[in-house]
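The residues making up each chain are set out below.
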Amino acid sequence: MRAAEDIPNHQAIVREAGRVGLRLRHSQPPAPGELVVVTQVAGLCGTDIQMLRGLRDDPSPVIGHEGIAHVVAVGAGVPDSLRPGTAVVINPTHRSDSSFLLGHNVDGLLQERTCIPATAVRAGLVVPLDRPPEAVLGTLIEPLAAVRYSLGLLATGSPRTLVVYGDGTIGQLAVRAARRWFKGEVRTLLVHHTREGLEWSTRHPPEGTELLLGGDHAELPPLDEGPVAALLATPRDGTRNALESALRLGKGELTIDMFGGLPPDAATPLLPGVDLTAVRAANCAGHPVPAAFAEVRTAEGRSVRLTGHRGVGNEHLTAAAAELRRDPALYHDLVTHVVGPREAVQIMNGLSVSRRRTVAGTRLIKLAVRFAPVPPSPRESQ
């Protein structure tokens, strides 16, 4: 192992005083059980933007939990499957150790080097990629894995109609993946919360998807008879309104996944006595199996299957990586901006003060930040 003083500094996008800046950080060697990865490409997600805007109090100065990295140094006791040079994706959510949430309370991937703590390594959250997808598509592995989780939950209701609320990365991924991952024909509707989002989807139409402009309590066209599924891919301040719209969908069986976050103590008079936060938290990182659903009743007496989830399982990540390898063209247009760290700082600071998602004349769906990783040294191994 190289001595700590011999390891170079690395670039990091660091949050400070309500903005981000590109800073040099000292690169620490891994302790026993830890490993260090270099970021090839990292993505910016909706929760990251909420942190930039001060809507969340997550403490990590370096955010980012999406992307592809390579192992560059390992501490004693790290499995041989994670030897230096291995391409990996990091599962950001530890099911049983709340001290590890990558990019939230542990420094994330928006830097050249990231040290992954032993608790995450022991839990198998550093997932080797034998055949990574094209580099920029690495920013879609984790969000597509979360979509895989969601569609698996909704599929238990055997829906004939899928209504997706939200026109960001998750909503766009969901309508593209639904036809491949749902069995049988499913009518798919994408409800946009902005006119700009609808205009982007019109220019990049997902095959077989009906595009709608909604708002608070969106009124949707009549739905076919049969079971309906709703995926709420909304920011945390929009989830309740989307839920109240979804509760009015169709007349038959209804399954709703509260994918988007919720503000503390979220509630709706349409579901009296239902603890929405508890329902959403019942599934975490692929557990339990089978997944938990709440059988709830609306104020009007309608029975609804309500669920939610946090994090993903490793099996969701590997399935997402395989899907992106299998059909990259289906998803490539969602990576709308590919930049280096210096330009990323400018974009992130712009997003922190404005709700507009137009960057350089193009609507931002997914920002991919390419790093020039510090090259590994032959001595950076056991």
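Residues numbered from 1 in each chain as written. Predicted model: local features only at pLDDT ≥ 70, side-chain atom pairs only at ≥ 80, totals over all residues. Heavy atoms only, no water.

Chemist: Now, about the overall build of the chain: what can you tell me, with residues and values included?
Modeler: Secondary structure assignment for the chain yields 10 helices and 18 strands. With the C-alpha coordinates of the chain rotated into their principal frame, the extents come out at 65 × 45 × 40 Å. Residues classed as buried in the chain amount to 57% of the 382 residues present. The long-range fraction of contacts in the chain, counting pairs at least 24 apart against all pairs at least 6 apart in sequence, stands at 75%. Entry remark: accessible area of the chain is about 16000 Å², with carbon and sulfur atoms responsible for 50%. Computed over 40 positive and 39 negative side-chain charges, the separation of the two mean positions in the chain equals 1 Å. (Helix = DSSP H or I, 4+ residues; strand = E, 2+ residues; numbered from the N terminus. Buried < 20%, exposed > 50% of the residue type's maximum accessible area, 1.4 Å probe, protein only. Contact = heavy atoms within 4.5 Å. Areas by Shrake-Rupley, 256 points an atom, 1.4 Å probe, with all protein chains shown as cover. Lys, Arg positive; Asp, Glu negative; His and termini not counted. Charge placed at Lys NZ, Arg CZ, Asp CG, Glu CD.)

Chemist: Outline the packing of aromatic side chains, supporting the account with residue identities and numerical values.
Modeler: Aromatic ring pairs: the centre-centre distance and the angle between the two ring planes describe each pair. Applying the stated criterion across every chain, the model contains 0 aromatic pairs. Between R148 and the ring centre of W181, over which it is positioned, the NZ or CZ distance is 4.6 Å. Between R305 and the ring centre of F293, over which it is positioned, the NZ or CZ distance is 4.1 Å. (Phe/Tyr/Trp six-rings, centres within 6.5 Å; stacked < 30°, edge-to-face > 60°. Lys NZ or Arg CZ within 6 Å of the ring centre and 35° of its normal.)

Chemist: Tell me about the nonpolar core, and name the residues and values.
Modeler: The biggest cluster of nonpolar side chains holds 45 residues, and the ones touching the most others in it are L140, I141, L144, V147, L151, L162 and L231. Sort the elements by how many residues they give to this core and helix α3 (residues 141-155) lands first, with 9 residues. Non-local contacts of L140, meaning those with residues more than four positions away in its chain, are made with T169, L173, L324, Y331, L334, V335 and K366. Among the nonpolar cores identified, the runner-up in size contains 42 residues, and V62, V88, L109 and I116 belong to it. (Core = buried A, V, L, I, M, F, W, Y, C linked by side-chain atoms within 4.5 Å.)

Chemist: Can you explain helix α4 (residues 169-181)? Please cite residues and give values.
Modeler: Taking 1.5 Å of rise per residue, the 13 residues of α4 would be expected to cover 18 Å, and the 17 Å separating its terminal C-alpha atoms lies within 8% of that figure. Of all the bends in α4, the greatest, near 30 degrees, is centred on V175. Here α4 has its buried residues at T169, I170, G171, Q172, L173, A174, V175, R176, A177, A178 and W181. (Expected span 1.5 Å × (residues − 1). Bend = angle between axes of the 7 residues up to and from the residue.)

Chemist: Residues and numbers for the pattern of salt bridges, please.
Modeler: Using the criterion set out here, one finds 14 salt bridges in the structure. The salt bridge partner of R56 is D58, with a shortest N-O separation of 2.9 Å. On the basis of relative accessibility, which here comes to 14%, the residue D58 falls in the buried class. R180 is the salt-bridge partner of E323, the closest N and O atoms lying 2.6 Å from each other. (Salt bridge = Lys/Arg side-chain N within 4 Å of Asp/Glu carboxyl O.)

Chemist: Would you mind going over the environment of E323 in detail, with residue names and values included?
Modeler: Tracing the chain through its elements places E323 in helix α8 (residues 314-326). For the pair E323 and R180, spaced 143 residues apart in sequence, the C-alpha separation works out to 9.4 Å. If sequence neighbours within four positions are ignored, E323 has contacts with L144, R180, W181, L330 and Y331.

Chemist: Hey, could you go over the packing of α3 against α4 for me, with residue numbers and the actual values?
Modeler: Where α3 meets α4, the closest approach of the two axes is 9 Å, and the angle between their N-to-C directions is 55 degrees. Classified by the angle their axes make, α3 and α4 are oblique. When you trace α3 past α4, the crossing you get is right-handed. The segment α3 lies against α4, with P143, L144, V147, R148 and L151 engaging T169, I170, L173, A174, A177, A178 and W181. In terms of residue class, the contact of α3 with α4 is built from 10 nonpolar, 1 polar and 1 charged. (Axes fitted to C-alpha atoms, helices over the stretch in contact; angles between N-to-C directions. Parallel < 35°, antiparallel > 145°, perpendicular 65-115°, else oblique. Left-handed = near helix turned anticlockwise from the far one by under 90°. Nonpolar A, V, L, I, M, F, W, Y, C, P; charged D, E, K, R; others polar.)

Chemist: Lay out unusual backbone geometry in plain terms, naming residues and giving numbers.
Modeler: For the peptide bond that leads from H287 to P288, omega is 0 degrees, which places it in the cis range. Its place among the elements puts P288 in the loop between α7 (276-281) and β13 (294-297). Residue P290 follows V289 across a cis peptide bond; omega there is -5 degrees. Here P290 shows up in the loop between α7 and β13. You will see that D265, though not glycine, has its phi angle at about 60 degrees, which is positive. Mapped onto the fold, D265 is located in the loop between β12 (254-258) and α7. Of the residues examined, D265 reaches a relative accessible area of 76% and is grouped as exposed.

Chemist: Which residues make up helix α10 (residues 341-353), and what values go with them?
Modeler: Taking 1.5 Å of rise per residue, 13 residues should cover 18 Å, and α10 covers 19 Å from first to last C-alpha, within 8% of that figure. If you check which residues of α10 are buried, you get P341, A344, V345, I347, M348, N349, L351 and S352.

Chemist: An account of the layout of surface pockets is requested, with residue identities and associated values reported.
Modeler: One number sums up the size of the second largest pocket: a volume of about 440 Å³. Along the wall of the second largest pocket there are 22 residues; nearest its centre are R148, L151, G152, L153 and A155. With 6 residues, α3 is the single largest residue contributor to the lining of the second largest pocket. In the lining of the second largest pocket, the residues fall into 13 nonpolar, 6 polar and 3 charged. (1 Å grid on protein atoms, 1.4 Å probe; cavity = no way out; pocket = protein on both sides within 12 Å on 5 of 7 lines; lining within 4 Å. Points joined across faces, edges and corners; volume = space filled by probe spheres on them.)

Chemist: I'd like a rundown of the state of the cysteines, residues and numbers included.
Modeler: Applying the stated criterion across every chain, the model contains 0 disulfides. Unpaired in terms of disulfides, C284 finds its nearest cysteine sulfur in C45, a separation of 16 Å. Given a relative accessible area of 10%, C284 falls into the buried group. (Disulfide = S-S within 2.5 Å.)

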